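# Structural overview
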Amino acid sequence: MRISDISKHEGDKVSIFCWLIGKRSSGQIHFLQVRDGSGYCQLTVVKGEVDDVLFEKCGHLAIETAFRAQGLAVRQEKAKFGYEILLKNIEIISEPDKEYPIPRKPSGPDFLLSMRHLWLRSPKQSAVMRIRSKIIESIREFFKKEGFYCVDTPIFTPSACEGTTTLFKVDYFDENVFLSQSGQLYNEANALALEKVYCFGPVFRAEKSKTRRHLTEFWQVEPEWIFADIDSIMETSQNLIMHVLSAVLEENRNDLDILERDIKPLEAVKTPFPRMSYNKSVELLKEKGFEIEWGSDYGSPEETEISKNSDSPICIHRFPAHIKAFYMKSDPVDPKLSLGVDVIAPEGYGEIVGGGVREEGIEILEQRIKEHNLPKEDFQWYLDLRRYGSVPHGGFGLGLERTVAWICGLQHVRESAAFPRMMDRIKP
RNA sequence: UGCUCGGUAGCUCAAUUGGCAGAGCGGGUGGCUGUUAACCACUAGGUCGUGGGUUCGAGUCCCACCCGAGCAGCCA
């Protein structure tokens, strides 16, 4: 039996596998708090009800002892987790030979991150991982339902996808290659083969960003489909986010409780998400007293301010072309603007989606590749997509860790990955 | 990369004007028959980030460096 199923076994003799997370004793009675991968419960050991040697042993178990326990499952209001097992016998699998280093009381981030391999066992951290797992599952479910194929893109790439950001250089049989920062360009090739595709994998950024929203390695899901216009891109990203959020609210209530996540702001999220042009957002920021000029990109204080205007994520569309990537299509109504969209999460969690319509004109792309100083020979295959059977298309990317951080209410994205990679932290 | 703050026991932190290295939690031992981050008693536990300097004397003051955190910049 797993602990999460204990309510179905009330009154039964049960056997569980578990780890010890805490213990208390009143001399003739011991209370053992235990966990398994599914949840938590208490084992009660009463002197006289078990062998004296076993009773003594239970009083001296070390934190993180792994063992099997047999006993009677009962409902118990006085037990912290609502149920307890009246212990009859245990079978120890392994006992720690040193004191478990992670205290139950709060510790600092430096210590906990250096102990990440053990920190993951604590209630909040495992709750985040269960929610992350649910989010990944519901993302794949959403795209399956929408008729997308999962076609993953390479991580070793010969040159910059965008040319804008710093990439990690890797020695590849004496040749320099880079870790991908986006599946974008390959995704376009896949979309022109299969119509609706998505890739979902890790991407890498070598920027020296030291903030609560940045990791150097993170996961991104990137759908790309033909005949995508800017409205359908906003629509699809909205529907994806809503699908994911509903799944977590429905199936991970207990984990959100463990995290003490206030779920009211999550329940307040409603479709349709508000849509605001970049031009409008600049006016709004100016009204609020921000010193922002038309044509500049946002910093995080600006994103946070914009997110205050709605309970739901906000879609900002039609950015100045010069701050967006070379492949972004210009707005035919105003060529200074590009048909790009960012989705900004509520509660100051920042940009979780970025996407847009892709430029089709081969001359425009050649011109932009030149302007961005990109090696044009590396992009011939990409231009082939416009030479043969070109079709309007577009898509977006959603950052997994930021989405997890938002839904879980985390202070920092580092807790949304099992082993986060940051500028100054690569171990364990 | 810049600004700000910090580094003392396994963890979280205190140490007044420069004057004996401390507490709580955790660990160990003992006590307690319903504990809830239990409680009570006893106990073990220290390269005060590293190196230099000032001083009779430095955890404390000065210099350099290392490490971390927060914020900003950078950033589909």
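Along every chain, residues carry numbers that run from 1 in the direction the sequence is written. Here every chain gets a letter starting at A, and every ligand a number starting at 1, in the order they are written. It should be noted that, the model being predicted, local features are given only for residues of pLDDT at least 70 and side-chain atom pairs only at 80 or more, the latter also being counted only at that level, while totals for whole chains, interfaces and linings use all residues. Side-chain descriptors were evaluated using all non-hydrogen atoms of the structure, hydrogens and water having been removed beforehand.

Going along the chain from the N terminus, every DSSP run of H or I of four or more residues is numbered as a helix, and every run of E of two or more is numbered as a strand. When helices and strands are tallied, chain A shows 13 helices and 16 strands. Burial classification: accessible surface area is computed with a 1.4 Å probe over protein chains only, and a residue below 20% of its type maximum counts as buried, one above 50% as exposed, and the rest as partly exposed. For chain A, the residues scored as buried account for 50% of the 428 residues in total. Once local pairs closer than 6 in sequence are excluded, the contacts in chain A between residues at least 24 apart make up 67%. Note that accessible areas follow from Shrake-Rupley with a 1.4 Å probe, and for residues the cover is restricted to the protein chains shown. With the model as given, the accessible surface of chain A reaches about 20800 Å², and the carbon-plus-sulfur share is 51%. Working rule for contacts: check all heavy atoms of both residues, and any pair within 4.5 Å makes them a contact.

Before going further, it helps to spend a moment on the environment of E401. Assignment of secondary structure puts E401 in helix α13 (residues 400–408). Separated by 181 residues in the primary sequence, E401 and Q220 have C-alpha atoms spaced 8.3 Å apart. Discounting chain neighbours no more than four positions away, the residues touching E401 are R132, L215, F218, W219, V413, S416 and A417. Any N or O atom pair separated by 3.5 Å or less is treated as a polar contact, with the protein-specific requirement of one donor-capable and one acceptor-capable atom, and with residues adjacent in sequence counted only for side-chain atom pairs. Of the polar contacts made by the side chain of E401, one reaches the side chain of R132; its length is 3.0 Å.

Attention shifts here to the pattern of salt bridges. The salt bridge criterion pairs a side-chain nitrogen of Lys or Arg with a carboxyl oxygen of Asp or Glu, the two atoms within 4 Å. Under the counting rule described, the total for this entry stands at 29 salt bridges. With a shortest N-O distance of 2.8 Å, D110 and R425 are connected by a salt bridge. Of this pair, D110 sits in helix α2 (residues 109–114) while R425 sits in the segment after α13, placing them 315 residues apart in sequence. Judged by its relative accessible area of 53%, D110 is exposed. Between E267 and R253 there is a salt bridge, and its shortest N-O distance comes to 3.3 Å.

Moving on: the protein's contact with RNA strand B. Within the structure, RNA strand B sits among 51 residues, and R24, K78, R212, H214 and E222 are positioned closest to it. Neighbouring residues are identified by heavy atoms, a residue being near a molecule or strand if any of them is within 4 Å of it. Backbone atoms, meaning sugar and phosphate, form 52% of the atoms of RNA strand B found within 4 Å of the protein. Side-chain polar atom of E99 to a sugar or linking oxygen of RNA strand B: 2.8 Å apart, as the coordinates give it. K208 is positioned such that a nitrogen or oxygen atom in its backbone is 2.8 Å from a base nitrogen of RNA strand B. Counting residues per element, the ones that place at least two in the surface near RNA strand B are β1 (13–25), β2 (29–35), α2, β11 (217–226), α10 (300–307) and β15 (350–357). Residues are grouped as follows: Ala, Val, Leu, Ile, Met, Phe, Trp, Tyr, Cys and Pro are nonpolar; Asp, Glu, Lys and Arg are charged; all remaining types, including Gly, are polar. Partitioning the surface near RNA strand B into residue classes produces 10 nonpolar, 21 polar and 20 charged.

Turning to helix α9 (residues 278–287), a few remarks are in order. Three or more residues of α9 are buried, namely Y278, S281, V282, L284 and L285. Viewed end-on, α9 has its buried residues packed into an arc of 160 degrees, placing them on one side of the element. In this fold, the buried residues of α9 make contact with β12 (275–277), α10 and β13 (314–320). Note on α9: the residue one or two positions beyond its end, G289, has a positive phi of about 95 degrees. What the arc describes is the spread of directions from the helix axis to the C-beta atoms.

Time to look at helix α12 (residues 380–387). Think of an α-helix as 3.6 residues a turn; residues three or four steps apart then line up on the same face. For α12, the set of buried residues is Y382, L383, L385 and R386. All buried residues of α12 lie within an arc of 140 degrees about the axis, which places them on one face of the element. Where α12 is buried, its residues contact α5 (184–194), α11 (362–371) and β16 (393–399). G389 sits one or two residues past α12 and shows a positive phi near 60 degrees.

Any two of the Phe, Tyr and Trp rings considered here, Trp counted by its six-membered ring, make a pair once their centres fall within 6.5 Å; the pair's planes then place it as stacked at under 30 degrees, edge-to-face at over 60, or tilted in between. Throughout the structure, instances matching the rule amount to 19 aromatic pairs. Between the aromatic rings of F143 and F148, the centroid separation amounts to 5.0 Å while the plane-to-plane angle is 65 degrees, which identifies the pairing as edge-to-face. This pair shows no difference in class: F143 is buried, exactly as F148 is. Centre to centre, the rings of F326 and F379 are 5.5 Å apart; their planes meet at 85 degrees, and the pair counts as edge-to-face. In this pair, F326 is assigned in the loop between β13 and β14 (337–345) and F379 in the loop between α11 and α12, connecting sequence segments 53 residues apart. In this structure, F326 and F379 share a single accessibility class: buried. In textbook terms, an aromatic cluster arises when at least three aromatic residues are bridged by ring pairs, as seen for F142, F143, F148, Y198, W225 and F396. Taking the ring centre of Y83 as reference, the NZ or CZ of R75 above it sits at 4.9 Å. Each ring is checked for a lysine NZ or an arginine CZ that lies within 6 Å of its centre and within 35 degrees of its normal; such an atom marks a charge sitting over the ring.

In this section: the sheet that holds β12. Spatially, β6-β10-β11-β16-β15-β14-β13-β12 is the arrangement adopted by the eight strands of the open sheet, whose pairing is mixed. Here the strands that pair on one side only, and so sit at the sheet edges, are β6 (149–150) and β12. In this analysis, axes come from line fits to C-alpha atoms, helices being fitted only over the stretch in contact, and the angle between any two N-to-C directions falls in the range 0 to 180 degrees. Those strands touched by α10 are β13, β14 and β15, and its axis lies near 75 degrees from that of β14. Packing against the sheet, α13 makes contact with β10 (196–204), β11, β14, β15 and β16, and its axis sits at approximately 55 degrees to β16. A pair of strands counts as paired when DSSP detects no fewer than two bridges linking them.

Take the environment of I226 next. Mapped onto the fold, I226 is located in strand β11. Once the C-alpha coordinates of I226 and F31 are considered, the two residues, 195 residues apart in sequence, prove to be 61 Å apart. Once you skip the residues sitting within four places of it in the chain, I226 turns out to touch A191, L192, E195, V391, P392 and H393.

Each domain's limits were defined by an automated method or a database of domain assignments. Domains assigned within chain A are domain 1 (3–94) and domain 2 (116–416). Of the residues lining the interface, four residues belong to domain 1; the matching set on domain 2 comes to six residues. Buried surface area refers to the total accessible area, computed with a probe of radius 1.4 Å, that the two partners give up upon joining, counted for both partners together. Together domain 1 and domain 2 conceal approximately 400 Å² of surface at their shared face, both sides included; 42% is due to carbon and sulfur atoms. Our count for the domain 1 to domain 2 interface comes out at one salt bridge. Between R121 and E64 there is a salt bridge whose closest N-O contact spans 2.7 Å. At the surface where domain 1 touches domain 2, the tally comes to two residue pairs in polar contact (both at pLDDT 80 or more).

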